Amino acid sequence: MEAIILAGGFGTRLAPLTYTRAKPLLPILNKPMITYLIDSLPKEIDKVVLAVNYRKDQIEKYFKENDVGREIVVNEEPKPLGTGGAVKFAEKHITGTFVVLNSDIISSLNLKEMIGFHRRVNAVATISLWPVDNVSEFGVVEIKEDSRITSFIEKPKPEEAPSNLINAGAYCLEPFVLDYIDTGRLVSMEQEIFPRLIEDTKAFYGYRISEYWVDVGRIESYLKVNRLLLDHNGREYVVGERSEIKGRIKYSSLGCNVFVDEHSIVESSIVFDNVRVEKNAVVLNSVVGEGCVIKKGARVVNCVVGDDEVVEENAVVENTKVWTKPLPEGYPKRQVGNVIKK
Ligand code: GTP
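Residues numbered from 1 in each chain as written. Predicted model: local features only at pLDDT ≥ 70, side-chain atom pairs only at ≥ 80, totals over all residues. Heavy atoms only, no water.

Peer 1: How should I be thinking about unusual backbone geometry in this particular structure?
Peer 2: Generally, phi is negative for residues other than glycine and the peptide bonds are trans, each holding for most cases. In this model, A15 is joined to P16 through a cis peptide bond whose omega is 5°. Tracing the chain through its elements places P16 in the loop between β1 (2–6) and α1 (17–20). If you check the backbone angles, K202 has positive phi at about 55° while not being a glycine. Take K202: it is sitting in the loop between α6 (189–201) and β12 (204–208). One non-glycine residue, Y251, lies in the positive phi region at around 45°. Considering the arrangement of structural elements, one finds Y251 in the loop between β16 (248–250) and β17 (252–254). (Helix = DSSP H or I, 4+ residues; strand = E, 2+ residues; numbered from the N terminus.)

In structure tokens, the structure reads:
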């Protein structure tokens, strides 16, 4: 059985971190985000098709150098085709019922059980669902008692919402769904294909996730998932190889070859490889990219610092993104499109 992992987005909401790296490779507890997804796949999935585009070379390199125990096929789109277009472009690899996964979701979904459910009810499509409190910020599903989805309602008022369940970014699909997707153009699975499947087949089902689900689309959720997995693993922090820590570290993950000098504090943050945090500096609720230097006495609070940036001595940087270099060529100025309505 095949899994298609959608891993070709620009990840604009995670800039400047994504100016220099593919979003699926962003580290969570020092492991690329995408490996959590791959590790959670049931045995029956023996082939993983990575639908890539932006920063394809980085993703390809990672999987060449790291064996993840399954056949990995890197399928590069000639141009970004959106979530539906990318699935259509992977059609040649599909041999039967298959799954599609967003690469940026960290959740407790039991995919094996979801596939079992899909088969039991004879579904054409089954999508994972997650309950939210703030329905008016999302598209929610209208769902019957037997778990059949009858429509998606965009951003309903709370009193008018048919449920509090949103599309959680994992799908189990029958191959004939591919016939619904045009070749070679940008297609949104969620906006174009799903409504037509609901209408035509009446066999479009939802499968609820319980426990936890995080869409790692924004900096806040990136920091949140880091904390969640630290707690889950009973750790207060993680530190990579060859790092030297003299200061105080709390609820954070630090990469390899990181130096944190004495009287400095790193709290509720993610620090990438090869970073120096000098004496009396504070890094709080922030993400610090690879190769950065946070100089003596500087304060970095609620910030995202792009790779190879320097925060000067005693500088106070709060609630901002630090990036002093030109935008990488071809990188969009704003969000191109999204899969799950946020
Ligand atoms: P933002 O720019 O911040 O919205 O991030 P994004 O580009 O990753 O978009 P979004 O979070 O909505 O995408 C959800 C998932 O679909 C991610 O795993 C993306 O990598 C993937 N994705 C989005 N667009 C494309 C595309 O055109 N092609 C492929 N192959 N994957 C895509």
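Peer 1: Just to check I follow, could you spell out the pattern of salt bridges for this structure?
Peer 2: Oppositely charged side chains can form a pair if their charged atoms are brought close together. The full count for this structure, using the stated rule, is 17 salt bridges. Ionic pairing is found between R148 and D146, a salt bridge with its closest N-O pair at 3.4 Å. Overall, R148 belongs to the partly exposed group, its relative accessible area being 23%. D146 gets classed as partly exposed once you look at its relative accessible area, which sits at 38%. A salt bridge links D182 to R185; the shortest N-O distance between them is 2.9 Å. Take R185: its relative accessible area is 34%, and that puts it in the partly exposed class. If you follow the salt bridges from partner to partner, you end up with K56, D57, E60 and E76 in one network. (Salt bridge = Lys/Arg side-chain N within 4 Å of Asp/Glu carboxyl O. Buried < 20%, exposed > 50% of the residue type's maximum accessible area, 1.4 Å probe, protein only.)

Peer 1: I'm lost on the layout of surface pockets in this one. Help?
Peer 2: Where empty space is left can be seen by rolling a probe of water-molecule size over the atoms. Of the volumes computed, that of the second largest pocket is approximately 520 Å³. Taken together, 17 residues line the second largest pocket, and the ones lying closest to its centre are R21, L25, P32, D273 and E290. Among the elements of the structure, β3 (31–32) and α3 (56–65) are those that each provide at least two residues to the lining of the second largest pocket. Per-element tally for the lining of the second largest pocket: the top contributor is α3, with four residues. Of the residues in the lining of the second largest pocket, the class split is six nonpolar, four polar and seven charged. Of the residues that make up the lining of the second largest pocket, three or more belong to each of domain 1 (2–215) and domain 2 (236–322). (1 Å grid on protein atoms, 1.4 Å probe; cavity = no way out; pocket = protein on both sides within 12 Å on 5 of 7 lines; lining within 4 Å. Points joined across faces, edges and corners; volume = space filled by probe spheres on them. Nonpolar A, V, L, I, M, F, W, Y, C, P; charged D, E, K, R; others polar. Domains from an automatic or database assignment.)

Peer 1: Would you explain the domain arrangement of the protein in this entry?
Peer 2: Many structure descriptions define interface size as the accessible area lost when the parts assemble. Considered domain by domain, the protein is made up of domain 1 (2–215) and domain 2 (236–322). The gap between the C-alpha centroids of domain 1 and domain 2 is 33 Å. Contacts between the two partners involve 10 residues from domain 1, matched on the other side by 17 residues from domain 2. The junction of domain 1 with domain 2 conceals about 890 Å² of combined surface from both sides, 61% of it contributed by carbon and sulfur atoms. In terms of surface lost to domain 2, no three residues of domain 1 exceed P16, L17 and N30, which account for 50% of the buried area on that side. (Contact = heavy atoms within 4.5 Å. Buried area = accessible area lost by both parts, 1.4 Å probe.)

Peer 1: What exactly am I supposed to notice about the nonpolar core here?
Peer 2: Note that soluble globular proteins tend to have their nonpolar side chains buried in a common cluster. I4, V87, V99, L101, M189 and L197 are the most contacted members of the largest nonpolar core, which totals 72 residues. Once residues within four sequence positions are removed from consideration, V87 is found in contact with I4, L6, F98, V100, L178, I181 and M189. (Core = buried A, V, L, I, M, F, W, Y, C linked by side-chain atoms within 4.5 Å.)

Peer 1: Looking at this structure, how should I read the side chain of S253?
Peer 2: Position of S253 relative to the elements: it lies in strand β17. Taking the relative accessible area as the measure of exposure, S253 reaches 1% and is therefore buried. Beyond its immediate stretch of four places on either side in the chain, S253 contacts L29, N30, N226, V238, S269, I270 and V271.

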